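Notes for the structure review
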Amino acid sequence: LMSSSIQNAVNQYPVPPERLSIEEKLEIIKTLHEQGTFLIKGSVAEVARVLNSSEPTIYRYIRELFGNTD
């Protein structure tokens, strides 16, 4: 289910994940956050893998969008 949500969000863009802009990646993070994807263990690692980013980068995007998540 998590992988499906991630793929659906990424497939909204007509370019491969490695060619997405930061703004597009932030939109994907926002969509996934609103769907509750990040409540699932391992989701940050999976999103990082799909977006060709690091886990710290995904956490930074989440902080930029939604503030401190601690």
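These figures come from a predicted structure and were not determined experimentally. (Residues numbered from 1 in each chain as written. Predicted model: local features only at pLDDT ≥ 70, side-chain atom pairs only at ≥ 80, totals over all residues. Heavy atoms only, no water.)

Let's talk about the environment of alanine 9
- Structurally, alanine 9 can be placed in helix α1 (residues 2-10).
- Alanine 9 sits in the buried class, given a relative accessible area of 7%.
- Along the chain, alanine 9 and glutamate 46 lie 37 residues apart, while their C-alpha atoms are 13 Å from each other.
- Contacts of alanine 9, omitting those with residues within four sequence positions, involve Ile28, Thr31 and Leu32. (Helix = DSSP H or I, 4+ residues; strand = E, 2+ residues; numbered from the N terminus. Buried < 20%, exposed > 50% of the residue type's maximum accessible area, 1.4 Å probe, protein only. Contact = heavy atoms within 4.5 Å.)

A few points about the nonpolar core
- Ile29, Phe38, Val47, Leu51 and Ile58 are the most contacted members of the largest nonpolar core, which totals 18 residues.
- Contributions of two or more residues to this core are made by α1, α2 (22-34), α3 (43-50) and α4 (55-66). (Core = buried A, V, L, I, M, F, W, Y, C linked by side-chain atoms within 4.5 Å.)

Considerations on α2
- Between the first and last C-alpha of α2 there are 18 Å, a value that for 13 residues agrees with the 18 Å anticipated at 1.5 Å per step.
- Within α2, the full set of buried residues consists of Lys25, Leu26, Ile28, Ile29 and Leu32. Angularly, the buried residues of α2 cover 160° about the axis, an arc narrow enough to put them on a single face. Residues of α2 that are exposed and angled more than 90 degrees away from the buried face: Glu23 and Glu34.
- If you follow the buried residues of α2, they end up packed against α1, α3 and α4.
- Within two residues after α2, glycine 36 carries a phi angle of roughly 85°, on the positive side. (Expected span 1.5 Å × (residues − 1). Arc of directions from axis to C-beta.)

Some words on the side chain of serine 5
- Secondary-structure assignment places serine 5 in helix α1.
- By relative accessible area, serine 5 is classed as buried at 18%.
- Setting aside residues up to four positions removed in sequence, serine 5 forms contacts with Leu32, Gln35 and Thr37.

These figures come from the coordinates and say nothing about function on their own.
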